[in-house]
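Here is how the chains run, residue by residue.
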Amino acid sequence: MKLRERIVSVFFGEMIEAKIAERLKAASVADMEKEDIGWRKLTGDANRNLSPLKQERMIEIAFYLWENNPFANWIIEIVKDFIVAEGMPYEAKHPDTKKVLDDFWYDPINRMDLYLEKYVRELFLYGELCLPVFVAEQTGKVRLGYIDPAQIKEVETDPENVKMVIGIILKDSAGQAGRKLKTIIPEDAETIISKAAQALRNSYTDGECFFFAINNVTNSPRGRSELLSIADWLDAYEQFLFDYADKWPLLNSFVWDLTVETGTEADINAHLKKFTKKSGSIYGHNEKVKLDASTPDLKSVDAETGARLFRNHILGGKSIPEHWYGGGGDVNRATSVEMGTPAFKSLTAKQKYVKYILESIFDYAIHRAREAGYLQVSDEDAKYSVIAPEISAKDVSKHST
């Protein structure tokens, strides 16, 4: 090649590389993130998330309480049992659609008949549920994994719409940068999210996942545990019972009080030698000698009253009536029905969200099966319904009356 041609080739090659670099820089996600600094988001200007340190501490405290505190464990388990104890059966119009759902439900890895309860427990325990998905290309079959919320570094939202959670960034592990997962969003949402969100999602190349959060506000994508607001009170209640248990041997002990009227020290010692402390022993004496059993009176607050005060404060914060936990007290049938109404309303709202979670997963399983050609049905035949169990039994006697 001639010298002139080489110069021209190098010159134009450098120009092309410079243009490519300039365009890549313009499309760089990192630079887009920098450009967002100092600008107010169109929706959800404030960030209502807990700080990363508080989020991690909340998760660890919640797990510790669930594992070690019987009261905390019961609060999580009773909510879970009311929502999914009988399972959440589903029906589909078309048998092929039903088969896709059955294959997903009873898959040896998914085993939703067993894991649904665990997922619901962990959702209310940690306030978040993150399930990565793995899809078979030929059949579109979906399998779910699990990510501990403690491994989540950031939950990314659309810069122009904080309601749209677009990705999950995990913490660094073994010296490698944390994985970036796209969140699974409704099909039509892909056309709604902003260009900035689309560019961010395109940079999340480590897979897809479902992400669900509870007890949060709109501009706080990260969830809160059901135990967050009552954690200190649960600990105080447990400490109260431990203190009372430690004090109980003292309250249950007694001493013999021997009184000898006008007696000398020698007389008292003589009586003491005659008296034995064995249970059921006999001690004879005249009217000038008195023997009484004395117990300590520490003037302490009645334990039952104190325990009930703590217990009702905690249960009231979760809309749970006191007679649900360990004793009926003075509650009769009429008052128990009225006291249960707030609890049933709260549980129904929670069940509604769990049903939404299941419907989101089913929608994705059907979509991937149709996309792979494994399920070939119309939109109408692809429909199904999730049947949520009733939270409370209906009293038909009122209607009959």
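For every chain, the first residue of the written sequence is number 1, and numbering continues from 1 onward in sequence order. For a predicted model such as this one, the threshold for reporting local features is a pLDDT of at least 70, and the threshold for listing and counting side-chain atom pairs is 80 or more; totals across whole chains, interfaces and linings nevertheless cover every residue. Water and hydrogen atoms play no part in the side-chain values, which are based on all heavy atoms of the structure.

*Asks:* Please clarify how the packing of aromatic side chains should be interpreted in this entry.
*Replies:* What characterises a pair of aromatic rings is the spacing of the ring centres plus the angle enclosed by the ring planes. Any two rings among Phe, Tyr and Trp, with Trp reduced to its six-membered ring, count as a pair given centres within 6.5 Å; such a pair is stacked if its planes are under 30 degrees apart, edge-to-face if over 60, and tilted if neither. Counted according to the given criterion, the structure contains 20 aromatic pairs. Measuring from centroid to centroid gives 4.3 Å for Phe71 and Tyr325, while their planes differ by 25 degrees, and the two rings are stacked. Highlighted residues: Phe71 in helix H4 (residues 70-84) and Tyr325 in the loop between helix H10 (303-317) and helix H11 (333-371), separated in sequence by 254 residues. Overall, the relative accessible area of 1% leaves Phe71 in the buried class. Ring centres 5.4 Å apart and planes at 55 degrees place the aromatic pair Tyr90 and Trp105 in the tilted group. Of this pair, Tyr90 sits in strand E1 (residues 90-92) while Trp105 sits in helix H5 (residues 95-105); the two residues are 15 residues apart in sequence, bridging distant segments of the chain. Taken individually, Tyr90 and Trp105 each receive the classification buried, so the pair is uniform in this respect. Through successive ring pairs, a cluster of aromatic residues spans Tyr90, Phe104, Trp105, Phe362 and Tyr384. Whether a charge sits over a ring comes down to the Lys NZ or Arg CZ being within 6 Å of the ring centre and within 35 degrees of the ring normal. Across the ring face of Tyr115, the terminal group of Lys118 is positioned such that the distance to the ring centre comes to 5.0 Å. Under the scheme used here, helices are H or I runs from DSSP no shorter than 4 residues and strands are E runs no shorter than 2 residues, and both carry numbers assigned from the N terminus. The buried label goes to any residue with under 20% of its type's maximum accessible area, the exposed label to any with over 50%, and the partly exposed label to all in between, with areas taken from a 1.4 Å probe on protein chains only.

*Asks:* In this structure, what is going on with the packing of helix H3 (residues 52-68) against H4? I would like to understand it.
*Replies:* Think of each axis as a best-fit line through the C-alpha atoms, taken over the contacting stretch in the case of a helix, with angles from 0 to 180 degrees between the N-to-C directions. Contact geometry for H3 and H4: axes closest at 5 Å, N-to-C directions at 100 degrees. Here H4 runs roughly perpendicular to H3, going by the angle between their axes. Within the contact between the two elements, H3 uses Leu65, Trp66 and Asn68 and H4 uses Pro70, Ala72, Asn73, Ile76 and Glu77. Its residues assigned to classes, the contact of H3 with H4 shows five nonpolar, two polar and one charged. Geometric relationships in this document are graded by angle, where less than 35 degrees denotes roughly parallel, more than 145 denotes roughly antiparallel, 65 to 115 denotes roughly perpendicular, and other angles denote oblique. It only takes one pair of heavy atoms within 4.5 Å for two residues to be counted as in contact. Nonpolar residues are Ala, Val, Leu, Ile, Met, Phe, Trp, Tyr, Cys and Pro. Charged residues are Asp, Glu, Lys and Arg, and all others, Gly as well, are polar.

*Asks:* Sorry if this is basic, but what is going on with unusual backbone geometry here?
*Replies:* A negative phi holds for most residues other than glycine; trans holds for most peptide bonds. Even without glycine at this site, Asn215 takes up a positive phi of about 55 degrees. Of note, Ser319 is a non-glycine position whose phi angle comes to about 60 degrees, a positive value. You can see Ser319 is positioned in the loop between H10 and H11. For Ser319, a relative accessible area of 30% translates into the label partly exposed.

*Asks:* What should I look at first to understand the nonpolar core in this one?
*Replies:* Definition used in this section: a nonpolar core is a set of buried Ala, Val, Leu, Ile, Met, Phe, Trp, Tyr and Cys residues joined via side-chain atoms within 4.5 Å. Core analysis: the biggest nonpolar cluster contains 62 residues, and Phe124, Leu144, Phe210, Leu227, Leu234 and Phe362 have the highest contact counts within it. Looking at this core element by element, the count peaks at 10 residues for H11. When sequence neighbours within four positions are dropped, the list of residues in contact with Leu234 reads Leu65, Asn69, Phe71, Ala72, Ile75, Leu227 and Ile314. Within the second largest apolar cluster, 11 residues are counted, among which are Ile147, Ile152, Val155 and Val165.

*Asks:* Before we go on, may I ask you to explain the pattern of salt bridges in this structure?
*Replies:* One side chain can pair with another of opposite charge once the charged atoms of both are near each other. We define a salt bridge as a contact between a side-chain nitrogen of Lys or Arg and a carboxyl oxygen of Asp or Glu at a distance within 4 Å. Applying the stated criterion across every chain, the model contains 18 salt bridges. We note a salt bridge from Lys80 to Glu77, for which the minimum N-O separation is 3.1 Å. Separated by three residues within a single helix, Lys80 and Glu77 lie in helix H4, roughly one turn from each other. The buried category is assigned to Lys80, whose relative accessible area is 4%. Two residues, Lys318 and Glu226, come together in a salt bridge whose shortest N-O distance is 3.7 Å. In this pair, Lys318 is assigned in the loop between H10 and H11 and Glu226 in the loop between strand E7 (208-213) and helix H8 (231-251), connecting sequence segments 92 residues apart. You'll find Lys318 and Glu226 in the same group, each marked buried. What emerges from the salt-bridge pattern is a single network uniting Glu77, Lys80, Asp81, Glu117 and Arg121.

*Asks:* Where do I start with the sheet that holds strand E2 (residues 128-135) in this structure?
*Replies:* Where strands meet in a sheet, backbone hydrogen bonds hold them as pairs that are either parallel or antiparallel. Judged by pairing direction, the sheet is mixed, and its six strands sit side by side in the order E3-E2-E7-E6-E5-E4 without closing on themselves. Whereas interior strands pair on both sides, the edge strands pair on one side only; in this sheet they are strand E3 (142-144) and strand E4 (152-158). With direction set aside, neighbouring strand axes in the sheet form an average angle of 40 degrees. When DSSP finds two or more bridges between two strands, those strands count as paired. Here E2 pairs with E3 via three bridges, running antiparallel. Pairing of Phe134 across the sheet is with Arg143, part of E3. Packing of helix H6 (residues 112-126) onto the sheet brings it into contact with E2, E3 and E7, and relative to E2 it is tilted by some 140 degrees.

*Asks:* When you look at the environment of Ala231 in this model, what are you seeing that I'm missing?
*Replies:* Topologically, Ala231 is positioned in helix H8. Separated by 83 residues in the primary sequence, Ala231 and Ile314 have C-alpha atoms spaced 9.2 Å apart. Setting aside residues no more than four positions away along its own chain, Ala231 makes contact with Ile61 and Leu65.

*Asks:* What exactly am I supposed to notice about the packing of H3 against H6 here?
*Replies:* A pair of packed helices is characterised by two quantities: the angle between their axes and the separation of those axes. Here H3 crosses H6 at 120 degrees, and the two axes come no closer than 9 Å. Compared by their axis directions, H3 and H6 come out oblique. On the side of H3, the interface is formed by Met58, Ile59, Ala62, Phe63 and Trp66, while H6 contributes Arg121, Leu125 and Tyr126. Of the residues belonging to the contact of H3 with H6, the class tally is seven nonpolar, no polar and one charged.

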